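Below, each chain spelled out in residue letters.
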Amino acid sequence: MPAAKPVLVTGASGNLGSMLARELTARGYRLRLTDIKPFPGDLPEGAEFTTADLGDAVAMQHLADGCGAILHFGGISVDRPFEEVLDPNIRGIYHIYEAARREGARVLFASSNHAIGFHERPGPGEPKLDADCAFRPDSFYGLSKAYAELMGRLYWDKHGVENLNVRIGSSFPEPVDARMLSTWLSYADLAQLCAAFIEAPRIGHAVVWGASDNPATFWGQDQRERIGWAPQDTAEDFRGQMEGKVSGDPVTERYQGGAYCASAYSRESPSPRDPFALD
Ligand code: 15L
């Protein structure tokens with residue numbers, strides 16, 4: 001049942017934002033789209049688009065006027081230096097939550113596995129990582145995702161702003177390497193998750209692993225029951241093509257965040273297993 005109020009989508013010109021714009025308007029949602037870049041292709045019917053910068057608090061407030069929900073996919077979405085991450089991801093999330101608080105809107109935050117990327121990948125038979133695990137960011141980008149999840153924690157506890165933090169694994173049309181047999185999230189599963197978030201009667205502050213139904217998953221318990229979401233796709237369908245596609249780099253292959261962990265890594269590789277992994 002499409003929400004009565006419009007839904008604000010930030011990062012609407014990115015791969016995920018533009019896919020969601022098409023999928024959610026097709027389901028009958030009225031969308032207010034925004035990005036710093038123009039929308040790629042034709043604007044879907046039922047959507048309007050405004051160019052805006054996440055660093056502009058007034059613009060974000062104006063965009064959120066009358067919205068019941070915000071799908072926050074904007075900001076830096078890859079491993080970048082601290083100074084590049086600071087404004088869009090750190091100041092930006094504050095502007096989003098302030099707008100949500102004033103408007104009484106709920107927030108879906110597109111978090112990332114890179115907030116916890118330095119957890120080791122579980123071996124066969126080892127326990128999966130639950131969503132209440134410690135943050136172990138693997139980059140300034142991952143750290144900004146952890147900060148934003150905690151911003152959601154603060155705005156729920158202090159202001160009652162409901163929020164769902166989706167730790168997205170790898171959301172692409174198809175998996176592209178062996179790691180994604182564990183981390184892949186199909187576009188269809190992501191679109192369904194967003195619709196379930198909009199429709200859920202009550203969320204509070206919750207964290208969900210953003211991955212399809214992958215038997216090789218790294219991840220265990222989360223709070224998906226709050227939105228009644230069950231992914232339908234699986235990376236297992238791609239196992240034959242992906243199995244041998246590994247990096248050969250020991251740091252990349254050891255940790256859940258993969259290449260983000262190996263980037264600018266200056267510590268001697270822990271071997272054979274990091275004795276502090278469970279700290
Ligand atoms: C992410 O957070 C990125 O946005 C995406 O480009 C991928 O790198 C993904 O993580 C991943 O870990 O595969």
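Placed above this text is the structure.
The structure reproduced in this document is the subject of the present report.

What counts, and at which threshold
- All residue numbers refer to position in the chain's written sequence, counted from 1.
- The model is predicted, so local features are restricted to residues of pLDDT at least 70 and side-chain atom pairs to those at 80 or more, both for listing and for counting; the totals for chains, interfaces and linings are taken over all residues.
- Side-chain descriptors were evaluated using all non-hydrogen atoms of the structure, hydrogens and water having been removed beforehand.
- Within this document, salt bridges are pairs made up of a side-chain nitrogen of Lys or Arg and a carboxyl oxygen of Asp or Glu, the two lying within 4 Å of each other.
- Exposed residues in this analysis have more than 50% of their type's maximum accessible area, buried residues have under 20%, and partly exposed residues fall in between, with area computed by a 1.4 Å probe over protein chains only.
- Put simply, DSSP marks the helices as runs of H or I at least four residues long and the strands as runs of E at least two long, and each gets a number from the N terminus on.
- Two residues form a contact once any of their heavy atoms are found within 4.5 Å.
- Here a residue counts as near a molecule or strand whenever at least one of its heavy atoms sits within 4 Å of it.
- Contacts described as polar in this section are N or O atom pairs within 3.5 Å, which, within protein, must combine one atom able to donate a hydrogen with one able to accept it, while residues neighboring in sequence count only if both atoms come from side chains.
- Only the protein chains shown count as covering a residue, and every accessible area follows the Shrake-Rupley method with a 1.4 Å probe.
- Each cavity reported here is a set of points on a 1 Å grid over the protein atoms alone in which a 1.4 Å probe fits but cannot get out, each pocket an open set with protein on both sides within 12 Å along at least five of seven lines, and each lining residue one with an atom within 4 Å of a point.
- For a molecule to be placed in a cavity or pocket, more than half of its atoms must lie within 2 Å of the grid points of that cavity or pocket.
- Each residue gets one of three labels, nonpolar for Ala, Val, Leu, Ile, Met, Phe, Trp, Tyr, Cys and Pro, charged for Asp, Glu, Lys and Arg, and polar for the others, Gly among them.
- Grid points are joined across faces, edges and corners, and a volume is the space filled by probe spheres set on the points.
- Any two strands between which DSSP finds at least two bridges are classified as paired.
- Convention adopted: a line fitted to C-alpha atoms gives each axis, helices being fitted over their contacting stretch, and angles between N-to-C directions are expressed from 0 to 180 degrees.
- Within this scheme, the nonpolar core is defined by two criteria: the residues are buried Ala, Val, Leu, Ile, Met, Phe, Trp, Tyr or Cys, and they are joined through side-chain atoms within 4.5 Å.

1. Describing the pattern of salt bridges
Point 1. Following the criterion strictly, the structure yields 12 salt bridges and no others.
Point 2. Put simply, Arg-224 and Asp-222 hold a salt bridge, and the shortest N to O gap is 2.8 Å.
Point 3. Residue Arg-224 is classed as partly exposed on the basis of its relative accessible area of 24%.
Point 4. Looking at Asp-222, the relative accessible area reads 11%, which means it is buried.
Point 5. Overlapping salt bridges bring together Arg-106, Glu-162 and Arg-202 as one network.

2. Looking at the environment of Arg-32
Point 1. As for its placement among the helices and strands, Arg-32 is situated in strand β2 (residues 31–35).
Point 2. You can call Arg-32 buried: its relative accessible area is 16%.
Point 3. Between the C-alpha atom of Arg-32 and that of Thr-10, which follows or precedes it by 22 residues, the distance is 8.6 Å.
Point 4. Leave out the neighbours within four places in its chain, and Arg-32 touches Pro-6, Val-7, Leu-8, Val-9, Glu-48, His-62, Leu-63, Ala-64, Asp-65 and Cys-67.

3. A short note on the site of the ligand
Point 1. What surrounds the ligand is the set Ser-77, Val-78, Ser-112, Asn-113, His-114, Tyr-141, Gly-169, Ser-170, Phe-172, Arg-179 and Tyr-260.
Point 2. In the model, an oxygen atom of the ligand is placed 2.9 Å from a nitrogen or oxygen of the Tyr-260 side chain.
Point 3. Bound to the protein, the ligand loses 79% of the 310 Å² it would expose on its own.
Point 4. When each cavity is represented as a set of grid points, the ligand is found to reside in the largest pocket.
Point 5. Looking at side-chain class alone, the shell around the ligand contains four nonpolar, six polar and one charged residues.

4. Some thoughts on the layout of surface pockets
Point 1. By volume, the largest pocket is sized at about 1,100 Å³.
Point 2. Around the largest pocket, the lining comprises 48 residues; the ones closest to its centre are Leu-16, Ile-76, Ser-77, Val-78 and Tyr-141.
Point 3. Contributing elements (two or more residues each) for the lining of the largest pocket: α1 (15–26), β2, β5 (106–112), α4 (140–159), α8 (250–254) and α9 (259–262).
Point 4. Here the lining of the largest pocket is built from residues that sort into 19 nonpolar, 20 polar and nine charged.

5. Description of the pairing of strand β4 (residues 69–72)
Point 1. Judged by which residues are buried, β4 turns out to be covered on both faces: Ala-69 and Leu-71 on one side and Ile-70 and His-72 on the other are all buried.
Point 2. Bridge count between strand β1 (residues 7–10) and β4: four bridges; the pairing is parallel. When the sheet's bridge partners are listed, Val-7 is paired in β4 with Ala-69.
Point 3. Note: β4 against β5, four bridges, orientation parallel.

6. As for the sheet that holds strand β7 (residues 205–210)
Point 1. Read across the open sheet, the seven strands follow the order β3-β2-β1-β4-β5-β6-β7; overall the sheet is parallel. The open sheet terminates on both sides in strands that have one partner only, identified here as β3 (47–51) and β7. Strand-to-strand, the axes of this sheet are offset by a mean angle of 20 degrees, without reference to chain direction.
Point 2. Strands β5, β6 (163–168) and β7 of the sheet are contacted by α4, whose axis makes an angle of about 155 degrees with β5.

7. What about the nonpolar core?
Point 1. Among the nonpolar cores identified, the biggest contains 36 residues, and Leu-31, Leu-71, Phe-73, Leu-108 and Leu-164 are the most heavily contacted of them.
Point 2. Put simply, the parts of the chain that give this core at least two residues each are β1, α1, β2, β4, β5, β6, α6 (187–199) and β7.
Point 3. The residues touching Leu-31, leaving out its near neighbours within four places in the chain, are Val-7, Val-9, Leu-20, Ala-21, Leu-24, Thr-25, Gly-46, Ala-47 and Glu-48.
Point 4. Core analysis: the next-biggest nonpolar cluster, separate from the first, contains 21 residues, Ala-59, Ile-70, Ala-105 and Ala-148 among them.

8. Some thoughts on empty space enclosed by the protein
Point 1. Counted under the stated rule, the structure contains one cavity of 30 Å³ or more.
Point 2. Computed from the structure, the largest cavity encloses a volume of approximately 60 Å³.
Point 3. Contributing to the lining of the largest cavity are Leu-54, His-72, Gly-74, Gly-75, Pro-88, Asn-89, Ile-93, Phe-109, Ser-144, Lys-145 and Ala-148.
Point 4. Of all elements in the fold, only α3 (82–103) and α4 reach the threshold of two or more residues within the lining of the largest cavity.
Point 5. Partitioned by chemical class, the residues of the lining of the largest cavity number five nonpolar, five polar and one charged.

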